[in-house]
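Read off the chains here:
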Protein chains: 2
Amino acid sequence: MLNWDDLKFFLAVCRAGSVRSAAITLKVNHTTVSRRINSFELALGQRLFERTSQGYVKTKLADEIYNEASYLEERLNTVERKIIGRDDELSGDIRVTLPEILATELLMPGFAKFCHLYPEIDIEIIESVKELNLANREADVAFRIVKQPPDYLVGRKIAVLHRACYLSKKLAHKLSEPGWLEQQNWIGWTDKLRKPIGLIAKEYPRFSSKHKIANAQLQSIACKEGMGIAILPCFKADLDDELVRIPPYISEAKYDLWILSHPDMRKNNKIQSFVRFMTEYLANKNDLIEGREFTR
Amino acid sequence: MLNWDDLKFFLAVCRAGSVRSAAITLKVNHTTVSRRINSFELALGQRLFERTSQGYVKTKLADEIYNEASYLEERLNTVERKIIGRDDELSGDIRVTLPEILATELLMPGFAKFCHLYPEIDIEIIESVKELNLANREADVAFRIVKQPPDYLVGRKIAVLHRACYLSKKLAHKLSEPGWLEQQNWIGWTDKLRKPIGLIAKEYPRFSSKHKIANAQLQSIACKEGMGIAILPCFKADLDDELVRIPPYISEAKYDLWILSHPDMRKNNKIQSFVRFMTEYLANKNDLIEGREFTR
DNA sequence: TCGAAGTGTTGCATTTATGCACCACGCAAT
DNA sequence: ATTGCGTGGTGCATAAATGCAACACTTCGA
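None of these values were measured; they are calculated from a predicted model. All residue numbers here refer to positions counted from 1 along the written sequence of the relevant chain. Lettering of chains starts at A and numbering of ligands starts at 1, both following the order in which they are written. Given that this is a predicted model, residues contribute local features only at a pLDDT of at least 70 and side-chain atom pairs are listed and counted only at 80 or more, while totals for whole chains, interfaces and linings are drawn from all residues. No hydrogens and no water enter the side-chain calculation; it runs on all heavy atoms of the structure.

Engineer: Which residues make up the overall build of chain A, and what values do they have?
Structural biologist: Elements are defined by DSSP. Helices are runs of H or I of four residues or more, strands are runs of E of two residues or more, and each kind is numbered from the N terminus. Along chain A, the regular secondary structure elements total 10 helices and 11 strands. Each residue's exposure class comes from its accessible area (1.4 Å probe, protein chains only) as a fraction of the maximum for that residue type: buried when under 20%, exposed when over 50%, partly exposed otherwise. Taking all 296 residues of chain A together, 51% fall into the buried category. By definition, residues are in contact when any of their heavy atoms lie within 4.5 Å. In chain A, the share of contacts with a sequence separation of at least 24, taken over all contacts with a separation of at least 6, comes to 72%. Surface accessibility in these figures is a Shrake-Rupley result with a 1.4 Å probe; residues are shielded only by whichever protein chains are displayed. In the structure as shown, chain A presents an accessible area of about 15,000 Å², 51% of it carried by carbon and sulfur atoms.

Now the structure itself:
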């Protein structure tokens, strides 16, 4: 069976007249060209070139095939330009994966702005904390909260997420009662993550741990309902009218936020426009993300 | 850059609706199909299929590409059938490599007969004792005098070549003079091949060695000119009116003659017809080859 | 005649593609 | 709820393709 991709090599040699010259055009080693021609001839069972010291000379059969191959090449190139050009035209879909917690107040307004700018682009949002496979286009762009992303992806760190401690606004009036706060409890996460460590453990009161809710969104809701003190990202809780920070009000830098894509998408104008836009959008949200937009 | 051969995988998956089913059609492993589709999508920067547990579902873009790809496939298949069918039609060229000594009285009549049977076939004869490369069609069929051919070629042993000792016919009348023969000399080959070994050394007189001619054709001519006794293949010398065998007239089985081709030519009707024809032709020449057509 | 520059080919090391075995998941039947 | 059968995907071993360095050959100019 013919390898259709060998047609590229055939065409290049027909035009260049030598395997070394064709190799430069094709950006491969010249021995590869020689071997690809050999295997193409074998598959066809016919000789396409005379090998001379001045290069490869086409046989009559090669002349016949060349015309057809040129036509097919033109057709294929048209298809390819149409599809890839579709990306350059800033239309079609972009698949974005992110943890749900980032979607609401933080990123969604940015997505909406981007879509307003480029009405031909559809954004599909995939909420997942799993590492979706960017290589087979399960997603094109990933927002990830990690210390260090995998080597095989490209991207940049666009923010450092801060967290602080929050209480339901319904209970805010109790903060002025002496000793009331110290009797509240954390809303726990899991058996292992019952109490905080780091700056928060050091600077905030030592509450007991109660409940187990391993989801920031649900922690937020439970907190609003008065179930305890929640440690929440600032970008989310500081914008929520039903939550208030508790004393000493400080935030802790805790998580790195990255925007990632597959290296092969570097040349994709659509994806890169999106990445650029969101990076800039988030740069303008830095005070919120780092907990500085908090007002008492 | 698109790998054009990936189009085959794309087409197969479009038609089969699943990678496993397409893999059966394409005679590859299903993971290969999956990976080839993934890399095709990556190269295009667009998704062509939704992955479901019931198989791959085409996107709208895939529907568009499918039509074009089907058309190109039909064009390519037409080209392929035309070329390979050309072989099946018993026309075009066959390149044959062989040592010169085999070409003249032994094989050439067979070639002529084959060409008469198939007037659309051209035979190119390449005289060479070198092992021409059958993989890149320097030659299609090789006649070789070897004990054991390389593993990567296919073929069969078609004869065992015999050799005997010959004298110029001009000197044949001297054979009846007592002691005359013993005073003649071998026509030597090289410094290392000055005297024969084996049956010939054992059964024939011990001549001294004179001259050095490392070519059977030239040995034959030198012998006719009276330069000495030559050891020559029977198929050649026994047909030559200017040469006579000397007593004790016996021949020695010495060389294996093989007909070889590249494994990928097994399905090539033209080549296989040629191989079959020549094998049968030589089977009918066996008495000559093994020295039994000698008449005193 | 010799050397330089072009050509193609060979052998070996490295990289990439493929196959195999296993796994995960969804769906239908029991 | 469990099992069986279909689907696609992952990790590792193996095979194939490619790149690199060296070589062989031809041609041209000094």
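Having seen the structure, we can now continue with the description.
Engineer: An account of the side chain of Ser70 of chain A is needed here, citing residue identities and associated values.
Structural biologist: All names here are of chain A. Residue position: Ser70 is located in helix α4 (residues 60-88). Look at Ser70 and you get buried, because its relative accessible area is 19%. Setting aside residues up to four positions removed in sequence, Ser70 forms contacts with Leu11 and Arg15.

Engineer: Run through the domain arrangement of chain A, naming residues and quoting values.
Structural biologist: What the domain assignment lists for chain A is domain 1 (6-88) and domain 2 (92-296). Each domain's limits were defined by an automated method or a database of domain assignments. Each of domain 1 of chain A and domain 2 of chain A was reduced to a C-alpha centroid, and the two centroids are 53 Å apart.

Engineer: Describe helix α2 (residues 19-26) of chain A, listing the residues and the values that go with them.
Structural biologist: Residue and element names in this part refer to chain A. Looking at α2, one finds that the buried residues are Val19, Ala22 and Ala23. Projected onto a plane normal to the axis of α2, the buried residues spread over an arc of 105° and lie on a single side. Turned more than 90 degrees from where α2 packs its buried face, Arg20, Ile24 and Thr25 sit exposed. On the buried face of α2, the contacting elements are α1 (6-16), α3 (30-44) and β2 (55-58). One or two steps after α2, the chain reaches Lys27, where phi turns positive at roughly 65°. Comment: arc refers to directions from the helix axis out to C-beta atoms.

Engineer: Residues and numbers for the protein's contact with DNA strand D, please.
Structural biologist: Neighbouring residues of DNA strand D: 23 residues in total, closest Thr32 and Arg36 of chain A together with Val19, Arg20 and Tyr56 of chain B. A 3.5 Å cut-off defines polar contacts: any pair of N or O atoms within that distance qualifies, except that in protein one atom must be a possible hydrogen donor and the other a possible acceptor, and neighbouring residues in sequence count only when both atoms are side-chain atoms. Between a phosphate oxygen of DNA strand D and a main-chain N or O atom of Val19 of chain B, the distance comes to 2.6 Å. Arg20 of chain B is positioned such that a nitrogen or oxygen atom in its side chain is 2.2 Å from a base oxygen of DNA strand D. When contributions to the surface near DNA strand D are tallied by element, the ones reaching two or more residues are α3 of chain A together with α2 (19-26), α3 (30-44), β1 (49-52) and β2 (55-58) of chain B. Near is defined per residue: the residue qualifies when any heavy atom it owns lies within 4 Å of the molecule or strand.

Engineer: Tell me about the protein's contact with DNA strand C, and please be specific about residues and values.
Structural biologist: As a matter of local geometry, DNA strand C sits amid 22 residues, with Val19, Arg20 and His30 of chain A together with Thr32 and Arg36 of chain B nearest to it. Within 4 Å of the protein, the atoms of DNA strand C are drawn from sugar and phosphate moieties in a proportion of 56%. Between DNA strand C and Tyr56 of chain A, the relevant distance is 2.8 Å, taken from a phosphate oxygen to a side-chain nitrogen or oxygen of the residue. Between Asn29 of chain B and DNA strand C, the recorded distance is 2.9 Å, taken from a backbone N or O atom to a phosphate oxygen. Of all the elements in the fold, those that place two or more residues in the surface near DNA strand C are α2, α3, β1 (49-52) and β2 of chain A together with α3 of chain B.

Engineer: Could you give an account of the packing of α1 of chain A against α2 of chain A, with specific residues and numbers?
Structural biologist: Residues and elements named next belong to chain A. Lines fitted to the C-alpha atoms define the axes, with helices restricted to the stretch that makes contact. Angles between their N-to-C directions range from 0 to 180 degrees. Direction vectors running N to C along α1 and α2 enclose 125°, while the axes themselves pass 8 Å from each other. By the angle class used here, α1 and α2 are oblique. The two elements α1 and α2 cross, and the hand of that crossing is right-handed. For the pair α1 and α2, contact is made by Lys8, Phe9, Ala12, Val13 and Ala16 and by Val19, Ser21, Ala22 and Leu26, respectively. The class makeup of the residues in the contact of α1 with α2 is seven nonpolar, one polar and one charged. Should an angle lie under 35 degrees it is considered roughly parallel, over 145 roughly antiparallel, and from 65 to 115 roughly perpendicular; all remaining angles are considered oblique. Left-handed describes a crossing whose near helix is turned anticlockwise from the far helix by less than a right angle; the clockwise case is right-handed. Here the nonpolar group is Ala, Val, Leu, Ile, Met, Phe, Trp, Tyr, Cys and Pro; Asp, Glu, Lys and Arg are the charged ones; every other residue, Gly included, is treated as polar.

Engineer: Talk me through the interface of chain B and chain A; I want residue IDs and the actual numbers.
Structural biologist: Across the boundary between the two partners, chain B contributes 43 residues, which contact 44 residues of chain A. Together chain B and chain A conceal approximately 4,300 Å² of surface at their shared face, both sides included; 59% is due to carbon and sulfur atoms. Here Glu68 of chain A makes a salt bridge to Arg75 of chain B, at a shortest N to O gap of 2.7 Å. In this assembly, chain B and chain A are joined by seven residue pairs in polar contact (both at pLDDT 80 or more). The set of elements that each furnish at least two residues to the side of chain B that touches chain A consists of α1 (6-16), α3, α4 (60-88) and β3 (92-98) of chain B. Looking at which element gives the most residues to the side of chain B that touches chain A, the answer is α4 of chain B, with 15 residues. Taken together, the residues that form the side of chain B that touches chain A break down as 18 nonpolar, seven polar and 18 charged. Defined in terms of a 1.4 Å probe, buried area is the accessible area two parts forfeit on being brought together, summed over both. Here, a salt bridge means any side-chain nitrogen of Lys or Arg that lies within 4 Å of a carboxyl oxygen of Asp or Glu.

Engineer: Before we move on, could you go through the packing of aromatic side chains and cite the residues and values that matter?
Structural biologist: Residue and element names in this part refer to chain A. A pair of Phe, Tyr and Trp rings is counted when the ring centres sit within 6.5 Å of each other, with Trp represented by its six-membered ring. The angle between the planes then sorts it: under 30 degrees is stacked, over 60 is edge-to-face, the rest tilted. A complete count under the given rule lists 16 aromatic pairs over all chains for this structure. Ring plane angle 35° and centroid distance 5.8 Å describe the contact between Phe111 and Phe274, whose orientation is recorded as tilted. Of this pair, Phe111 sits in helix α5 (residues 100-117) while Phe274 sits in helix α9 (residues 269-283), and the two are 163 residues apart along the sequence. Accessibility expressed as a relative area gives 0% for Phe274, which makes it buried. Aromatic ring contacts, followed pair by pair, group Phe111, Phe114, Phe143, Phe274 and Phe277 into a single cluster. The positively charged end of Lys58 is found above the aromatic ring belonging to Tyr66, 4.9 Å away from the centroid. Charge-over-ring placement is defined geometrically: NZ (Lys) or CZ (Arg) within 6 Å of the ring centre, and within 35 degrees of the ring normal.

Engineer: I'd like a rundown of the relation of the copies chain B and chain A, residues and numbers included.
Structural biologist: Copy-to-copy superposition: least squares on the C-alpha atoms, limited to residues that have pLDDT of at least 70 in both copies. Of the transformation placing chain B onto chain A, the axial shift is 0.1 Å and the rotation is 180°, giving an RMSD of 0.1 Å. Here the transformation between the copies is reduced to the relation of a two-fold axis.

Engineer: Residues and numbers for the packing of α1 of chain B against α3 of chain B, please.
Structural biologist: Residue and element names in this part refer to chain B. Here α1 crosses α3 at 110°, and the two axes come no closer than 9 Å. Taken together, the axes of α1 and α3 lie roughly perpendicular to each other. Where α1 crosses over α3, the handedness of that crossing is left-handed. Taken together, the residues of α3 that come into contact with α1 (itself represented by Asp6, Leu7, Phe9, Phe10 and Val13) are Thr32, Val33, Arg36, Ile37, Ser39 and Phe40. When its residues are assigned to classes, the contact of α1 with α3 shows seven nonpolar, two polar and two charged.

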